[in-house]
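One letter stands for each residue in the lines below.
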Amino acid sequence: MQLLSEEWAEAYTLAWNNDAIIAKKLRFFNTVFKYSISDREDVEPMIIKVQKGVCVTYGTRECFTPKEIQFDLWADTKSWQKVFDKEIGVQKAMVSKGFGFKGPKLKAFANMGGFKRSIEVMIEMQGVIV
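Everything numeric here is computed off the predicted structure, so don't read it as measured data.

1. Quick notes on the overall build of the protein
Thinking step 1. For the protein, the count of helices and strands is six helices and five strands.
Thinking step 2. Going from N to C terminus, the protein has its helices and strands arranged as α-α-β-β-β-β-α-α-β-α-α.
Thinking step 3. In summary, the protein has a C-alpha radius of gyration of 13 Å against a globular reference of 14 Å for 130 residues, a match within 12%.
Thinking step 4. On the principal axes, the C-alpha backbone points of the protein span a range of 35 × 30 × 25 Å.
Thinking step 5. Expressed as a percentage of the 130 residues in the protein, the buried residues total 44%.
Thinking step 6. Taking all contacts inside the protein whose residues are at least 6 apart in sequence as the whole, residues at least 24 apart take part in 67%.
Thinking step 7. As presented, the protein carries roughly 7300 Å² of accessible surface, and 53% of it is formed by carbon and sulfur atoms.
Thinking step 8. Averaged over its 19 positive side-chain charges, the protein has a centre that lies 11 Å from the centre of its 16 negative ones.

Right under this line is the structure:
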């Protein structure tokens, strides 16, 4: 399945919602994430809404207003591939040159354990093509 496709978003939100660590660490967390591949205009960014740590909906930019998006995470194809191939760890990836992140830093820092786990869940998914 293509990273950031509707099929991917459905599988990712299901994996997220079935993860006990995320459920515990993000149980009071509400936000909207935007994920994108910075060098692929042919791949639409995917937006995922989280309420009380549960992914409640997902969709493309048309489904959300720009004001709703609180966290924006992007990387180029090469950087995403390194993460999925496990050549680079999640924490290192989050601060590496190929990745970008925008959002409230304090909120991100307070929920870093849950954020980290959400990316781990993403890379544990089988059959993802960047």
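Anyway, onward from the coordinates.
2. Description of the environment of F115
Thinking step 1. Within the secondary structure, F115 sits in helix α6 (residues 112-124).
Thinking step 2. F115 gets classed as buried once you look at its relative accessible area, which sits at 3%.
Thinking step 3. The spacing of F115 and E6 is 109 residues in sequence and 21 Å in space, taken between C-alpha atoms.
Thinking step 4. Not counting residues within four places of it along the chain, the set of residues in contact with F115 comprises F29, F33, F71, M94, F101 and A108.

3. Topic: unusual backbone geometry
Thinking step 1. Despite not being glycine, L4 shows a phi value in the positive range, around 75 degrees.
Thinking step 2. Residue placement: L4 occurs in the segment before α1 (6-17).
Thinking step 3. One non-glycine residue with positive phi stands out, namely K86, at about 60 degrees.

4. Some details on the packing of aromatic side chains
Thinking step 1. A complete count under the given rule lists 16 aromatic pairs for this structure.
Thinking step 2. Centre to centre, the rings of Y12 and Y35 are 5.9 Å apart; their planes meet at 85 degrees, and the pair counts as edge-to-face. Within this pair, whereas Y12 is found in helix α1, its partner Y35 is found in strand β1 (residues 31-37), the two being separated by 23 residues in sequence.
Thinking step 3. Under the relative-accessibility criterion, Y12 is labelled buried at 0%.
Thinking step 4. We classify Y35 as buried; its relative accessible area is 2%.
Thinking step 5. An angle of 75 degrees between the planes, with centres 5.4 Å apart, marks the rings of F29 and F115 as edge-to-face. Placement of the pair is F29 in the loop between α2 (20-25) and β1 and F115 in helix α6, with a sequence separation of 86 residues.

5. Section: the nonpolar core
Thinking step 1. Ranked by size, the top nonpolar core spans 36 residues in total, and within it L3, W8, Y12, W16, Y35, W80 and M122 carry the most contacts.
Thinking step 2. Discounting residues that sit within four places of it in the chain, M122 has contacts with L3, W8, Y12, Y35, W80 and F84.

6. Thoughts on the state of the cysteines
Thinking step 1. Per the counting criterion, the structure on display carries zero disulfides.
Thinking step 2. C55 forms no disulfide, and the closest cysteine sulfur to it belongs to C63, at a distance of 15 Å.
Thinking step 3. Of the residues examined, C55 reaches a relative accessible area of 7% and is grouped as buried.

Criteria and thresholds
- Residues numbered from 1 in each chain as written.
- Predicted model: local features only at pLDDT ≥ 70, side-chain atom pairs only at ≥ 80, totals over all residues.
- Heavy atoms only, no water.
- Helix = DSSP H or I, 4+ residues; strand = E, 2+ residues; numbered from the N terminus.
- Rg over C-alpha atoms; globule rule 2.2 N^0.38 Å.
- Buried < 20%, exposed > 50% of the residue type's maximum accessible area, 1.4 Å probe, protein only.
- Contact = heavy atoms within 4.5 Å.
- Areas by Shrake-Rupley, 256 points an atom, 1.4 Å probe, with all protein chains shown as cover.
- Lys, Arg positive; Asp, Glu negative; His and termini not counted.
- Charge placed at Lys NZ, Arg CZ, Asp CG, Glu CD.
- Phe/Tyr/Trp six-rings, centres within 6.5 Å; stacked < 30°, edge-to-face > 60°.
- Core = buried A, V, L, I, M, F, W, Y, C linked by side-chain atoms within 4.5 Å.
- Disulfide = S-S within 2.5 Å.

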